[in-house]
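Overview (structure and organization)
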Amino acid sequence: MAKQDRHDAQLKKGLATLAELGFATDRPVAETVVQLKAVIGKSIESDLATIFLLGKIADGTCAELLREIDGAATDKEIKKEIKRALFKLSQKGIAVAVGDSPEKKPAPLFERHTDVEAYMSPVDGGGGRLIWIARTQVKRGLQVIQAMLHDREGLLRYAGLEMKRKELRAMADDIKAQHGVTMIAIPWQFADYIIYQGYERAKARGQSGLTDFHEIRSLIGNGKPKPVTHPIYDKLGAEDFRDGAWREQSRKLLEEPELRYWIVMDEWVRSEYLPRLEAARSSQLVLNPAQKEERLAGVVRDAVKTLCSGDNGSSFKQRMEDMALYFFATERLELAKLSLAVARQVGEGDPGPLDVSFLAGLMQKSFAFFISQQKAQAEEASSSLIIKP
């Protein structure tokens, strides 16, 4: 295939990918520049398409972003596309600086060039996520911090080790092969911040095994890190996606493989709401099916309110923000927006008078798990009482 044909095919494929992510590729506008920046680094096809679209938007921020991408780029086709895009902008009257000296170039994009990088798994069924922070050592591979962070309990495990980059990639490949999930790139400052928060939470409840935390963390910093805004808001902006039928559509999230085993395991579910649900199911009152269904739904709504309140709400809000970031990084933009809509609603503490189908479905699923668990325990206890000849 000729170079031009290959370039055109890559550009066409990249534009199709961006279209699937919700970008208006036929008539891009300045408001999408931030979102376009977020997809840089995904693939050479999407990079070419992003640069092509930036060249069609008559806005000075596009020229700045193109120079930033140019500073990080090593691929010849990418650099050629940047030159084309800058030329198009200059024809639209946008000031385009040329011949910048190396020291004046903007800092390269995080995912491409930095001596510190970080990765995160999706949140598992119990509320945990795996986080890696890796620092490059000259001619010595990587120094890697591994952390297991939990919603409520904070930092569960924290360790440091040295490895080669190919070993880190092999670990990521193994996780994907065994569990079907991807380790996504995240800003290391955000990773450090949430791990430190988790350490303080774990320390307050007496978690053991974290005596070397500060020694290991000295690899990347000392002292308490500054608060960091969740990176999903850099990816999707400050837009509130709670428009239209998002409450009902949010149930789609439960169908995703990464959320297949999500259960709200908090003790308050078992001790407070499970008895209420059982009482509603076995009530001796004469109720028609609709009344009984409404009574059960009332228990679910109250449980959802508890999930969204206080410390529960803060933890679950971050869980949904993390999943929004994960869906965005794995090119599922609609699910990312739904996750962020749920996160914003949870952050307000009260889901409101109308059900959020994802939250209601999650609580129903959690109740079903505990009920089946109780049933299995009862059957096991019953069988142990049988006198065998």
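To keep things clear, this report deals only with the structure shown in the data block. All values reported here derive from a predicted model rather than from experimental measurement. (Residues numbered from 1 in each chain as written. Predicted model: local features only at pLDDT ≥ 70, side-chain atom pairs only at ≥ 80, totals over all residues. Heavy atoms only, no water.)

**Describing the overall build of the protein**
We apply this condition: Counting from the N terminus, the helices are DSSP H or I runs at least four residues long and the strands are E runs at least two residues long. Between two residues, a contact is recorded if the distance between any of their heavy atoms is within 4.5 Å. All accessible areas in this document rest on Shrake-Rupley with a 1.4 Å probe, and a residue is counted as covered only by the protein chains that are shown. The charge count includes Lys and Arg as positive and Asp and Glu as negative, but it does not include His or the ends of the chains. One atom stands in for each charge, and that atom is NZ of Lys, CZ of Arg, CG of Asp or CD of Glu.
Helices and strands together make up the secondary structure of the protein, namely 15 helices and five strands. Its C-alpha atoms give the protein principal-axis dimensions of roughly 85 × 50 × 45 Å. Put simply, of all contacts in the protein between residues at least 6 apart along the chain, 69% involve residues at least 24 apart. Of the roughly 20700 Å² of accessible surface on the protein, 52% is carried by carbon and sulfur atoms. Where the 57 positive side-chain charges of the protein centre and where its 55 negative ones centre are 3 Å apart.

**A closer look at the side chain of His7**
Rule in force here: Summary of the burial criterion: residues with accessible area below 20% of their type's maximum are buried, those above 50% are exposed, and those between are partly exposed, where the area comes from a 1.4 Å probe applied to protein chains only. Polar contact is defined as a pair of N or O atoms within 3.5 Å, subject to the rule that within protein one atom must be able to donate a hydrogen and the other to accept it, and that residues adjacent in sequence are counted only when both atoms are side-chain atoms.
Positionally, His7 belongs in helix H1 (residues 3–20). With a relative accessible area of 6%, His7 lands in the buried category. A distance of 3.4 Å separates polar atoms of two side chains, one belonging to His7 and the other to Arg84.

**Some points on empty space enclosed by the protein**
Applied cut-off: Think of a 1 Å grid over just the protein atoms. A cavity is a set of points where a 1.4 Å probe fits yet cannot get out, a pocket is an open set with protein on both sides within 12 Å along at least five of seven lines, and lining residues have an atom within 4 Å of a point. Grid points are joined across faces, edges and corners, and a volume is the space filled by probe spheres set on the points. Amino acids outside the nonpolar list (Ala, Val, Leu, Ile, Met, Phe, Trp, Tyr, Cys, Pro) and the charged list (Asp, Glu, Lys, Arg) are all regarded as polar, and Gly is one of them.
For the structure on display, the rule yields two cavities of 30 Å³ or more. Of the voids in this model, the largest cavity is the one considered here, and its volume is about 90 Å³. For the largest cavity, the full set of lining residues is Asp151, Arg152, Val264, Asp266, Trp268, Leu307, Asn312, Ser315, Phe316 and Arg319. In terms of residues, the lining of the largest cavity owes the most to one element, helix H13 (residues 310–329), which gives four residues. Its residues assigned to classes, the lining of the largest cavity comprises four nonpolar, two polar and four charged. Its volume calculated, the second largest cavity comes out at about 30 Å³.

**Considerations on unusual backbone geometry**
The phi angle at Glu331 is positive, at roughly 60°, despite the residue not being glycine. Tracing the backbone shows Glu331 in the loop between H13 and helix H14 (333–347). Exposure remark for Glu331: the relative accessible area of 40% places this residue in the partly exposed category.

**Structural notes on the pattern of salt bridges**
So the rule is basically this: Each salt bridge in this description consists of a side-chain nitrogen of Lys or Arg and a carboxyl oxygen of Asp or Glu lying within 4 Å of one another.
Evaluation of the coordinates by the stated rule reveals 22 salt bridges. With its nearest N and O atoms 3.7 Å apart, the salt bridge here joins Arg270 to Glu267. In this pair, Arg270 and Glu267 are both assigned in helix H11 (residues 267–281), three residues apart and thus about one turn of the helix distant. A relative accessible area of 35% means that Arg270 is categorised as partly exposed. Of the charged contacts, one joins Glu321 and Lys317 as a salt bridge, the two residues approaching to 2.6 Å between their closest N and O atoms.

**Things to note about H13**
To keep it simple, the criterion reads: Here a helix's expected span is defined as the number of its residues, less one, multiplied by 1.5 Å.
Look at H13: 29 Å from first C-alpha to last across 20 residues, which is about the 28 Å you get at 1.5 Å a residue. Two residues or fewer past H13, Glu331 is found with a positive phi of approximately 60°.

**Observations concerning the pairing of strand E1 (residues 116–120)**
As a reminder, the rule being used: At least two DSSP bridges between two strands are required for those strands to pair.
Taking burial as the measure, the five residues of E1 include five buried ones, the bulk of the element. The side-chain alternation of E1 yields two buried faces, one formed by Val116, Ala118 and Met120 and the other by Glu117 and Tyr119. Looking at chain direction, E1 and strand E2 (residues 128–137) are connected through five bridges and run antiparallel. From the neighbouring strand, Tyr119 faces E2, where its bridge partner is Trp132.

**Focus: the environment of Ile195**
Counting through the fold element by element, Ile195 comes out in helix H7 (residues 188–204). Note on Ile195: relative accessible area 1%, which makes it buried. Other than its neighbours up to four places away in sequence, Ile195 contacts Ile131, Ile133, Ala147, Leu149, Leu155, Tyr158 and Phe213.

**With respect to the nonpolar core**
Filter applied, for reference: To define a nonpolar core, start from buried Ala, Val, Leu, Ile, Met, Phe, Trp, Tyr and Cys residues and group those joined through side-chain atoms within 4.5 Å.
Core analysis: the largest hydrophobic core is formed by 115 residues, its most contacted members being Ile133, Leu155, Phe358, Leu359, Met363 and Phe367. If sequence neighbours within four positions are ignored, Ile133 has contacts with Val116, Glu117, Ala118, Gln143, Val144, Ile145, Trp188, Ala191, Asp192, Ile195 and Ile220.

**Focus on the packing of aromatic side chains**
Inclusion rule: Side-chain rings of Phe, Tyr and Trp, where Trp is taken by its six-membered ring, are said to pair if the distance between their centres is within 6.5 Å; with planes under 30 degrees apart they count as stacked, over 60 as edge-to-face, and otherwise as tilted.
Following the criterion strictly, the structure yields nine aromatic pairs and no others. With a centroid separation of 6.3 Å and an interplanar angle of 75°, the aromatic rings of Trp262 and Phe316 are classed as edge-to-face. With Trp262 in the loop between helix H10 (246–249) and H11 and Phe316 in helix H13, this pair connects stretches of sequence that are 54 residues apart. Each member of the pair Trp262 and Phe316 is classed as buried. Aromatic side chains Trp268 and Tyr273 sit 5.8 Å apart centroid to centroid with 85° between the ring planes, which places their arrangement in the edge-to-face category. A residue is classified by how much of its surface remains accessible, and Trp268, at 13% relative accessible area, is buried.

**Focus: the packing of helix H3 (residues 44–54) against helix H5 (residues 76–91)**
How we decide: Fitted lines through C-alpha atoms serve as axes, helices being fitted only where they are in contact, and the angles separating the N-to-C directions of these axes extend from 0 to 180 degrees. We call two directions roughly parallel when the angle between them is under 35 degrees, roughly antiparallel when it is over 145, roughly perpendicular when it lies between 65 and 115, and oblique otherwise. Should the near helix be turned anticlockwise from the far one by less than a right angle, the crossing is termed left-handed; should it be turned clockwise, right-handed.
Between H3 and H5, the shortest axis-to-axis distance is 8 Å and the interhelical angle comes to 15°. By the angle between their directions, the pair H3 and H5 is classed as roughly parallel. Read as a crossing pair, H3 and H5 show a hand that is right-handed. Across the interface between the two elements, Ile44, Asp47, Leu48, Ile51, Phe52 and Leu54 from H3 touch Glu77, Ile78, Glu81, Ile82, Ala85, Lys88 and Leu89 from H5. Broken down by class, the residue content of the contact of H3 with H5 amounts to nine nonpolar, no polar and four charged.

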